[in-house]
Every structure is written in structure tokens, then in C-alpha cells.
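Survey of secondary and tertiary structure
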Amino acid sequence: MRIAYATLGCKVNQYDTQAMRELLENAGHTSVAFDEPADVYVINTCAVTQTGEKKSRQMISRAHALSPDAKIVVAGCYAQRAAKEVLLLPGVALAIGTKDRSSIVSLVEMLDKEKAINAVGSLRQEKAFEEMSVTREGRTRAHIKIQEGCDRYCTYCIIPYTRGPLRSRALADIRKQMELLAAAGYQEIVLTGIHLMSYGKDLPEDVTLLHAIKQAEGLDTIRRIRLGSLEPQLLDEAYVKELAGNDKVCKQFHLSLQSGSASVLRRMNRRYTPDVYRACVRLLRQAMPDCAITTDIIVGFPGETEREFRETMDFAAEIGFARIHVFPYSRREGTPASAMEGQLPRSEKTKRASALIALGEDMEKAYAARLIGSVRDVLFEDCVQGEWQGYTDTYVHVRVSGEKEDLAGRMIPVFITGLQEKHVTGVLQRTC
Ligand code: SF4
């Protein structure tokens, strides 16, 4: 069959889609572009915000419009949260949710005979990590999913309900996939999960994310390990020392903040205070002075006063982030925050988001400008309008012009010469 794919949402979803795609390709099915005629569409959906669900529905109706006779498979968090609703959408033949994706081949191959199939099961009893490997993802960086589920229950978040309890991948399977990716020539891998810092908590042996990182030892092709989202209260001195001491670990840490106000963090059920966050950043910078701290912040959380928002702005300015992802609060039915008093109007959320985005952009430029005059290894990805572009290990965007060679997938030292908008420019440092 000709099968087209689309993914909404996070890196974990992108990994799950690529894994389903490789299973279907290995079974002899042909992958086609989304706007080409297809027999089946696999749409991996997101439910983290109302917008995520809306975009998922738009993608489903687009698939139906493109190929009215095609069978649409809806996977991911939206299908897990609202299977019956999804199965009523025109063209949808299968809802699969956030587990049993490894059975995608047999489910898709039975689509012909059956009416719509609801394959969404309860996650409550889920204990084992669903082993699915990915070895053919892009040219430069590869993601490895090592953890599933979350047990934190932040009050605004739907994910624990759509992804279920903690499940960690076996270290041996992580090592096996790293070996495959090293053999395929990948120099950078990204360790990803729903709650990465919980890696190992559910396993019988006493292991943590640090043990997963160590699985890359001896694989010289892999020169960079980039980490997904981390949490401050779990990064103590010993942990930071290990991260700093591992040359492969990218010195960019995505430390989710969500709010700079202690009172808002309490209402969010986040398990740290601004002081704990500040101390964690200090630890990271003492061990790695040039490291990049990036983050996520929600603005307009229910009841967020002007003073609390000011606290967030002041805290963000104090930390000096290399990049901020700003999210206006999105009410998710079934979460404690959705029932809280003081829901803010969209206009107020938009106003606060714009203010924080502007602050974030200034800090991003300030961080990038610090690289001028230094030499940084850059992993080149592609060439756009004659300029080769890639990223440093601190995830600063670098562009180099005037190079005729194919630099894709190559890691080359670059002398940083200047700043343009949100990227820096440079020249290759060629070794004789
Ligand atoms: S840690 Fe909180 S925000 Fe992150 S997935 Fe878990 S519940 Fe959601």
C-alpha cells in the first residue's frame, strides 16, 4: 500500500511515527508524501494544548480531502484521550492511541475488511516499555526514545492521562540502537522521553539517565549526545559533575521552568521553587561556564496576577536564557487547572506571551553574540540559498557562505565572525 505520514507535537511523537513508518516499510509498504495520493494515512496526534488537537483534526480532514477513499489511522495523544470522537471524523478507519504502535502492520493490513477499529486501550496497567527502534531518520541527528509516560501530574498537563505510567527502555536496547546509528554514521543523537529525568525509576536495577548516556561509550562515530527536557530538582552536584565530565554530552540543557513565581509553581504542582531552579543553574554554570540554558515557560496560568507575571519576567531576565519557548496557558479538560478560578482572557495571555517572547529574543541574541571571536564545532545539516547551516553543541544556529563542498552531516570547526538576527556567521577552520 502507499502510506503517507504526519506528526503533530513533541519529539517522542516524531520518534513513534518514524518507528511505525519503518515497520510498515520493512513489511513492503511504500511511503509517499502527504500531498500525494495514498491508500492509508498515519496521523500521529497531539493533545498537549487545544491548538494541538485542532491542528490534528485539520490534518485528518486534509488527508480525507486529498484521498477520500483512503483509510486514516489516528495515533497519539488525541486518539488516546478521545478515541470515540476521533473515530467519528470522516475517513478515520483506526484509532490506535499511545500504545500497541508496534502492531501497526497487522492493524493496517486488516483495515480493508473491517469497519472503523478502536484499538485504543487503557494505559493503567502498562508496565513494559514498547520497544520500537528507529534507524533511518534524516541525515544529521537521530532521536532515541528511552522513556515513556509520566507520574508528575502538573496541574495543567494532560500528558500523564494520555501517556500513562513510567516505562523505561532497557539499557541493552538503548546500546543496540546506538550501535546501529553509529554504524549508519550519525554523529549526534538526542535522548528523548516524556519525562526523561524519570528514566530508570521503574526498572529493577538502580539506573538513571546517566547510565543511558554511558551506553554511547566506545562508539566514536557518535560525538554528541543531546538531552531532552530536564528538571532542576533532580540535578544535584554529582549529577552535574557527571554531565560536565562527559565530552559527548552537549552543553545545552533544556531546564523546564514553566513559571518564575513561587506561588504559580505551587499551583502548577511543579516540585521546585525559583530558588531551587536558580541553584541548579548556578551548579551547571560553575561546572560548564559557557553552557546554554534553554527553557519552557507558560504564561497566563489560572489566577496569574500582574505581580506573578512580573516575577516570571524578572526571573527569566536574571537567569539569562539562551532560548525560551513561550506557551500561553491552554485549558485542558480533565486537568485540575482547568477547574481553577481566575482563568485569564486570551487577549491577556497573548499580551504576556508577546512580552516574554521579546525578552527571550533579546537574550537569545545576547547568548549567540558571546560566541563571536571563538572557534566552535558545527554539525552541518543543509545548504539554503548557498549558505551551509548547522548547530553548535550549545544549539546556536551557524551559517557559513561560499563553501562548494557538501558539508551535510559533517562536524567542522568554525571561527565565529558575527551575529545576524538569531544566527551567527562564520568561516570554516580548515586543518592543513
Ligand atoms: S512533568 Fe508535568 S508537564 Fe511534564 S509531562 Fe509530566 S505532568 Fe506534563
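Cut-offs used in this document
Residues numbered from 1 in each chain as written. Predicted model: local features only at pLDDT ≥ 70, side-chain atom pairs only at ≥ 80, totals over all residues. Heavy atoms only, no water. Helix = DSSP H or I, 4+ residues; strand = E, 2+ residues; numbered from the N terminus. Rg over C-alpha atoms; globule rule 2.2 N^0.38 Å. Buried < 20%, exposed > 50% of the residue type's maximum accessible area, 1.4 Å probe, protein only. Contact = heavy atoms within 4.5 Å. Areas by Shrake-Rupley, 256 points an atom, 1.4 Å probe, with all protein chains shown as cover. Lys, Arg positive; Asp, Glu negative; His and termini not counted. Charge placed at Lys NZ, Arg CZ, Asp CG, Glu CD. Core = buried A, V, L, I, M, F, W, Y, C linked by side-chain atoms within 4.5 Å. Salt bridge = Lys/Arg side-chain N within 4 Å of Asp/Glu carboxyl O. Expected span 1.5 Å × (residues − 1). Near = heavy atom within 4 Å. Nonpolar A, V, L, I, M, F, W, Y, C, P; charged D, E, K, R; others polar. Domains from an automatic or database assignment. Buried area = accessible area lost by both parts, 1.4 Å probe. Pairing = 2+ DSSP bridges. Axes fitted to C-alpha atoms, helices over the stretch in contact; angles between N-to-C directions. 1 Å grid on protein atoms, 1.4 Å probe; cavity = no way out; pocket = protein on both sides within 12 Å on 5 of 7 lines; lining within 4 Å. Points joined across faces, edges and corners; volume = space filled by probe spheres on them.

1. A few points about the overall build of the chain
Along the backbone of the chain there are 13 helices and 18 strands. In terms of overall size, the chain behaves like a compact globule, its C-alpha atoms giving a radius of gyration of 22 Å where 432 residues would be expected to give roughly 22 Å. Principal-axis analysis of the C-alpha atoms gives the chain an extent of 65 × 60 × 45 Å. Residue burial in the chain is summarised as follows: out of 432 residues, 56% are buried. Long-range pairs, those at least 24 residues apart, make up 73% of the contacts in the chain with a sequence separation of at least 6. Carbon and sulfur atoms form 51% of the exposed surface of the chain, whose accessible area is close to 18,800 Å². Each charge sign in the chain was given a centre, from 58 positive and 56 negative side chains, and these centres are 3 Å apart.

2. Description of the nonpolar core
Counting residues in hydrophobic clusters, the biggest one holds 71 residues, and the most contacted among them are Leu235, Tyr277 and Leu284. Apart from the residues within four sequence positions on either side, Leu235 is in contact with Met197, Leu230, Val240, Leu243, Leu255, Cys280, Leu283 and Leu284. Grouped together as the second largest cluster of nonpolar side chains are 22 residues, Val32, Ile43, Ile60 and Tyr78 included.

3. Here we look at the pattern of salt bridges
A full pass over the atoms with the stated rule returns 41 salt bridges. With its nearest N and O atoms 3.3 Å apart, the salt bridge here joins Arg310 to Asp314. Highlighted residues: Arg310 and Asp314, both in helix H12 (residues 306-319), separated by four residues, approximately one helical turn. Residue Asp314 is classed as partly exposed on the basis of its relative accessible area of 42%. Connected through salt bridges with shared partners, the residues Asp16, Arg101, Glu130, Lys145, Glu148 and Arg163 form a single ionic network.

4. Observations regarding helix H13 (residues 346-369)
For the α-helix, the turn length of 3.6 residues means that residues three or four positions removed from each other point alike. Its 24 residues give H13 an end-to-end C-alpha distance of 34 Å, which sits within 8% of 34 Å, the value for a rise of 1.5 Å per residue. Burial in H13 covers these residues: Glu348, Lys349, Arg352, Ala353, Leu356, Leu359, Gly360, Met363, Glu364, Tyr367 and Ala368. Check the buried side of H13 and you find it contacts strand S12 (292-299), H12, strand S13 (323-328), strand S17 (411-420) and strand S18 (423-428).

5. Focus: the site of the ligand
Neighbouring the ligand are the residues Cys150, Arg152, Tyr153, Cys154, Tyr156, Cys157, Ile159, Pro160, His195, Glu231 and Arg270. Here the residues of the shell around the ligand are counted per class, giving seven nonpolar, one polar and three charged.

6. Some thoughts on the domain arrangement of the chain
By the assigned domains, the chain splits into domain 1 (2-118), domain 2 (141-369) and domain 3 (375-428). Placing the centre of domain 1 and that of domain 2 at their C-alpha centroids yields a distance of 28 Å. Counting residues at the interface gives 15 residues for domain 1, matched by 16 residues for domain 2. When the two sides are added together, the surface that domain 1 and domain 2 hide from each other amounts to roughly 1,400 Å², 56% of it contributed by carbon and sulfur. Among the residues domain 1 hides against domain 2, the three largest losses belong to Val12, Tyr15 and Gln50. Together they make up 39% of the total. Counting the contacts that link domain 1 with domain 2 gives four salt bridges. The closest approach of N and O atoms between Asp16 and Arg163, which form a salt bridge, is 3.2 Å.

7. Focus: the sheet that holds strand S7 (residues 141-148)
Strands belonging to one sheet form pairs held by backbone hydrogen bonds; the direction of such a pair is parallel or antiparallel. Pairing is mixed across the open sheet formed by four strands, whose spatial order is S8-S7-S9-S10. The strands lining the two open edges of the sheet, one partner per strand, are strand S8 (167-168) and strand S10 (224-227). Where strand S9 (residues 188-193) and S10 come together, four bridges link them in parallel fashion. Of the residues in S10, the one forming a bridge with Val190 is Arg226. The sheet contacts of helix H1 (residues 11-26) involve S7 and S9, and relative to S7 the element is tilted by about 105°.

8. Some words on the layout of surface pockets
For the second largest pocket, the calculated volume is near 500 Å³. Secondary structure elements with two or more residues in the lining of the second largest pocket: helix H2 (50-66), S13 and H13. Per element, the largest residue contribution to the lining of the second largest pocket is five residues, and it comes from H2. Tallied by class, the residues present in the lining of the second largest pocket amount to six nonpolar, seven polar and five charged. When we break the lining of the second largest pocket down by domain, the ones giving at least three residues each are domain 1 (2-118) and domain 2 (141-369).

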